[in-house]
2 protein chains.
Amino acid sequence: MSSGALPGFRDFYPDELARRAHIFQAWRAVARRYAFVEYDGPPLEPLDLYTRKSGDEIVGQLYNFVDKGGREVALRPEMTPTFARMVGARANALRKPVRWFSTPQLFRYERAQRGRLREHYQLNVDIVGEASEVADAELVAVAVDIMRELGLTSADVRARVSDRRLLSGVLQALGVTEAQVPAVYAVVDKLARQPREVSAEKLAAAGLSAATVEEVLTLASGTTLETLRARFGAHPAAAESIERFGRYLEHCAALGIGDWVDLDLSIVRGLAYYTGIVFEFFDAKGELRAICGGGRYDTLLKALGGTDLPALGFGMGDVVLGELLQDRGLFPTTIGTTADLYLIAGHWAVGRPYAEALQLVSALRRAGFQVDHGLNAERFLSQATRNQVDGAKKAGAAAVFGVREDGEVEVTAILGKMKDAPTHTMSLAAILAGEPSTMQALRDWLRAQRDSISNSHG
Amino acid sequence: MSSGALPGFRDFYPDELARRAHIFQAWRAVARRYAFVEYDGPPLEPLDLYTRKSGDEIVGQLYNFVDKGGREVALRPEMTPTFARMVGARANALRKPVRWFSTPQLFRYERAQRGRLREHYQLNVDIVGEASEVADAELVAVAVDIMRELGLTSADVRARVSDRRLLSGVLQALGVTEAQVPAVYAVVDKLARQPREVSAEKLAAAGLSAATVEEVLTLASGTTLETLRARFGAHPAAAESIERFGRYLEHCAALGIGDWVDLDLSIVRGLAYYTGIVFEFFDAKGELRAICGGGRYDTLLKALGGTDLPALGFGMGDVVLGELLQDRGLFPTTIGTTADLYLIAGHWAVGRPYAEALQLVSALRRAGFQVDHGLNAERFLSQATRNQVDGAKKAGAAAVFGVREDGEVEVTAILGKMKDAPTHTMSLAAILAGEPSTMQALRDWLRAQRDSISNSHG
């Protein structure tokens, strides 16, 4: 038997799945608070859905093949083409603005490198049909609130924001010609990843004067809107973009995310398809790759042969985000606990029927508790209590329960290392009858045990 | 642009995704109450993971190809081989019994037929390391409680249960030889799908006497444990299996699912790999294919080259289950609502700053509400209230809110067709301050509006 997954693919054992689920839970909860609705498409799509957007060179990075019906197909490397296809197919019927999100698994055949994955999950959040910069502020606010939902602060993560139109206006005001702009974008895009001298050489090679090279490099390395307004606010090429960006920052502040956002003209997001405000999130220490990225792509839907509507969106992967949460100790301590309650024999061994034990398990589950038990009547009735409690601890239960000699049900917390383990007592008859107050008391007691543990950890 | 998904693949638009999520939610909630923990594996696996279990003939039904590294790979057609691989890799470290579940998307290249899908989602629930029939009862109870969680009753769905060992013992007691058993299994497996005469002919061809043919057909068409006990309870070949099945039914009764379970010796689950109690769920009207199926496979993990442990599990797909829920009107009426609250201008148009509107939206989201708004300041401040309310209705919001002339915030329900729409009033300052009692009152009021709507629907 193959002992492992394919290179670059992850197995999600329960603890790893719980971490993935924690991230998904934050993605979904926040996207829903922002009134986004979830959609999904197939992980396998026609190959031309991707070559149409990215050209034939993308094929080298795809899991593509010919299916048994002779169709050229590929595992999805990104969600935007599927999103564009689905929106395009119902463009007239969908109410605008469209607010959709999805959490697809995506696949790329990357050259094998240590720790380099060939699949990841990516939250996709998109808005279609609204050109206003309020939509841009709303979009970045979704990403910020996901950070908050996961326990991250503006000291952990920074949102670096730019605007293609703003950069282009500033460049024009500096005398950069339209023909030179693509070369300048390419240099700016790589600014953080190559020495300043190399960037300067490339800008000079593109035909910029020494003074303009210096100005471009200084502005792209860090500036503020005030600086830009003072310098270019009256210039016809830049004035409108500066005012728009100012309104955008005001909307961000009103949405409560002002302290997360930095203007950073070096954020270009590659050379293709973005048309307006763009952003990337990075850990503040600068140790990891980008946490998420996105922006406005007003012409893409039409270019893909679909509907002519303004649009904007971002993608946020699970891998870098997971590394950051792990690094900051922000995954919940409850990962690894698998049940609220684990049944031990107690006094069933001395005459009570085993069926009653199963009835008790069933009644507690009906009330919503996660209940584990040993699945073997003989072992249950013969094994020493101590061994059963050990089994419950290994199973990751929060508490054990059994029946006492007097017929009452006793619950004992087994979380952490408690000197005198707290207990809680209930009437067997009340549980079997599903008595709401009995169940609520147990729920409250269990929550109190968990809280006391997580406080002692914190 | 391709206008659709590949044949046999589904796009999940938001309403369809909401139905899928409703099913997933039930799967996960119930599996967790039974202390199962979620895992997942890659959707792409080495091809030999599947041929090793099912032989080379399975390849004709797979999405298989050679990847760019020269590896023979396939999209997963089922989860059990991945489950066996993952359990096998950590067999010693995992505490037993293992209780795992997963909700993978699975892929088969079926011949194209109308409505025949090439992908579906399937809940997989498995237990490893317990031979007792308590585990078999626990397993079928998970599937029954999922039916209940989704609003189905024992009048809608029947669990048909058999035991390979019981059938084999009864056949032996009837004088069927070991060499004849596979042919008899094959006939019994198809009993419901072929005329009785054809089954009788095939049994006769296998060498059974006319009297034995009659007995086999009668027993497999419907019997009870009491009948079997009276007839075969003293026969050494059948006695143990009859007693075991009796204990199994007692455990089912104690777990509260006795009225869902019918003994049905015709349930064989194909010819491969099952070794003990097997079951399939069907809609009681008999209109649909099986809802789920599974059973005990004590020798499979070892046969796959892994660990020698008893095991049992079931799979439940999303397609037949979805058809049944749709047919019975059991999908929630909240599907299609996308937000709790939708912001309308109210008196912001007459002098209040737009930033305050965004602050209000942000404060309500921080308190957990799903809040939608129009994402355009100019339109917000100029559009007539009536048009904004229409927009909110189209957006699927439960209520609209805006600020009144006196500065209070007023919420108005827009669900259903209410003659005099109920309203709720709050202090703007209290919302901006995140006042818990204000938020709780709004939460309660919204719940009351939704309850009154779903009651009027029911």
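The residue numbers shown here count from 1 along each chain, following its written sequence. Whichever chain is written first becomes A and whichever ligand is written first becomes 1, with later ones labelled in order. With pLDDT at 70 or above as the cut-off, local features in this predicted model cover only qualifying residues; side-chain atom pairs require 80 or more to be listed or tallied, and sums for whole chains, interfaces and linings still use all residues. For the side-chain quantities, the full set of heavy atoms in the structure was used; hydrogens and water were omitted.

(A) Expanded view of the environment of Leu301 of chain A. Residue and element names in this part refer to chain A. As for its position among the elements, Leu301 is in helix H11 (residues 300-303). Buried, partly exposed and exposed residues are distinguished by accessible area as a fraction of the type maximum, computed with a 1.4 Å probe on protein chains only: under 20%, between the cut-offs, and over 50%, respectively. A relative accessible area of 2% means that Leu301 is categorised as buried. The spatial distance from the C-alpha of Leu301 to the C-alpha of Gly88 is 7.8 Å, given a sequence separation of 213 residues. Whether two residues are in contact is decided by their heavy atoms: any pair within 4.5 Å suffices. Apart from residues no more than four positions distant in its own chain, Leu301 is found in contact with Ala84, Val128, Gly306, Thr307, Leu309 and Ala311. The helix count covers DSSP runs of H or I at least four residues long, the strand count covers runs of E at least two residues long, and both are numbered beginning at the N terminus.

(B) Examining the packing of aromatic side chains more closely. Working definition: a ring pair exists when centres of Phe, Tyr or Trp rings (six-membered ring for Trp) sit within 6.5 Å. Plane angles under 30 degrees give stacked, over 60 give edge-to-face, the rest tilted. Overall, the coordinates contain 35 aromatic pairs over all chains when judged by the stated rule. Aromatic pair Tyr39 of chain B and Phe83 of chain B: ring centres 5.6 Å apart, planes at 50°, arrangement tilted. One end of the pair, Tyr39 of chain B, is in the loop between strand S1 (37-38) and strand S2 (44-46); the other, Phe83 of chain B, is in helix H3 (residues 80-89), with 44 residues separating them in the sequence. On the basis of relative accessible area, Phe83 of chain B is assigned to the buried category, the value being 0%. Measuring from ring centre to ring centre gives 4.8 Å for Tyr273 of chain B and Tyr274 of chain B, while their planes differ by 25°; the resulting arrangement is stacked. On the basis of relative accessibility, which here comes to 27%, the residue Tyr273 of chain B falls in the partly exposed class. Through successive ring pairs, a cluster of aromatic residues spans Phe9, Tyr63, Phe107 and Tyr109 of chain A. Only Lys NZ and Arg CZ are tested; either one counts as a charge over a ring when it is within 6 Å of the ring centre and within 35 degrees of the ring normal. Here the basic side chain of Arg118 of chain A rests over the ring of Tyr109 of chain A, its NZ or CZ set 4.1 Å away from the ring centre. A cation over a ring is seen here: Arg20 of chain B above Phe12 of chain B, with NZ or CZ 4.5 Å from the ring centre.

(C) Spatial organisation of the sheet that holds strand S4 (residues 72-75) of chain A. Residues and elements named next belong to chain A. One open sheet holds the 3 strands; their spatial order is S2-S4-S3, and the pairing between them is antiparallel. Looking along the sheet, the strands with just one partner apiece sit at the ends: strand S2 (44-46) and strand S3 (64-66). Strand-to-strand twist of the sheet, defined as the mean angle between neighbouring strand axes without regard to direction, takes the value 35°. Bridge count between S3 and S4: 3 bridges; the pairing is antiparallel. Bridging across to S4, Asn64 finds its partner in Ala74. The rule for pairing is simple: two strands pair if DSSP sees at least two bridges between them. Here, axes are lines fitted to C-alpha atoms. For helices the fit covers the stretch in contact, and angles between N-to-C directions go from 0 to 180 degrees.

(D) Region of the structure containing helix H8 (residues 210-221) of chain B. Residues and elements named next belong to chain B. Expected span of a helix: the number of residues minus one, times 1.5 Å. Compared with an ideal rise of 1.5 Å per residue, which puts 12 residues at 16 Å, H8 spans 17 Å between its outermost C-alpha atoms and is within 8% of the ideal. Residues of H8 that are buried include every one of Thr212, Val213, Val216, Leu217, Leu219 and Ala220, and no others. The buried residues of H8 occupy an angular sector of 170° when the element is viewed end-on, so they sit on one face. Exposed residues on H8 whose side chains face more than 90 degrees from its buried face are Ala210 and Ala211. In this structure, the buried residues of H8 make contact with helix H5 (164-173), helix H6 (181-189), helix H7 (196-205) and helix H9 (225-232). Count one or two residues on from H8 and you reach Gly222, which has phi positive near 150°. Directions pointing from the helix axis toward each C-beta atom define the arc.

(E) Structural view of the interface of chain A and chain B. At the interface, 93 residues of chain A touch 93 residues of chain B. Summing both sides of the interface, chain A and chain B together bury roughly 8100 Å²; the carbon and sulfur share of this comes to 60%. Counted as salt bridges are all cases of a side-chain nitrogen of Lys or Arg within 4 Å of a carboxyl oxygen of Asp or Glu. The interface formed by chain A and chain B holds 14 salt bridges in total. Here Asp40 of chain A and Arg20 of chain B are joined by a salt bridge, their closest N and O atoms 3.0 Å apart. Throughout, the accessible surface (probe 1.4 Å) given up by two parts as they are put together, summed over both, is called the buried area.

(F) Representation of the side chain of Ser199 of chain B within the structure. Residue and element names in this part refer to chain B. Tracing the backbone shows Ser199 in helix H7. The class for Ser199 is buried, based on a relative accessible area of 0%. Filtering out sequence-adjacent residues up to four positions away, Ser199 remains in contact with Val187, Leu191, Gln194 and Leu217.

(G) Structural detail: the relation of the copies chain A and chain B. We superpose the copies by least squares over the C-alpha atoms of residues that have a pLDDT of at least 70 in both of them. After a rotation of 180° and a shift along the axis of 0.0 Å, chain A superposes on chain B with an RMSD of 0.1 Å. Both chain copies can therefore be described as sitting about a two-fold axis. Identified as the residue of chain A closest to the rotation axis by C-alpha distance is Phe65 of chain A, at 3.2 Å. Comparing interface residues between copies, 100% of those in chain A also sit at the interface in chain B, which points to an isologous, same-surface contact.

(H) Spatial organisation of empty space enclosed by the protein. Residues and elements named next belong to chain B. Here a cavity means grid points, on a 1 Å grid over the protein atoms only, where a 1.4 Å probe fits yet cannot get out; a pocket means an open set of points with protein on both sides within 12 Å along at least five of seven lines; lining residues are those with an atom within 4 Å of a point. Grid points are joined across faces, edges and corners, and a volume is the space filled by probe spheres set on the points. Evaluated as defined, the whole model comprises 2 cavities of 30 Å³ or more. Roughly 40 Å³ of internal volume is contained in the largest cavity. For the largest cavity, the full set of lining residues is Leu167, Val170, Leu171, Leu174, Val188, Val216, Leu219, Ala220 and Leu265. Mapped onto the lining of the largest cavity, the elements with two or more residues apiece are H5 and H8.

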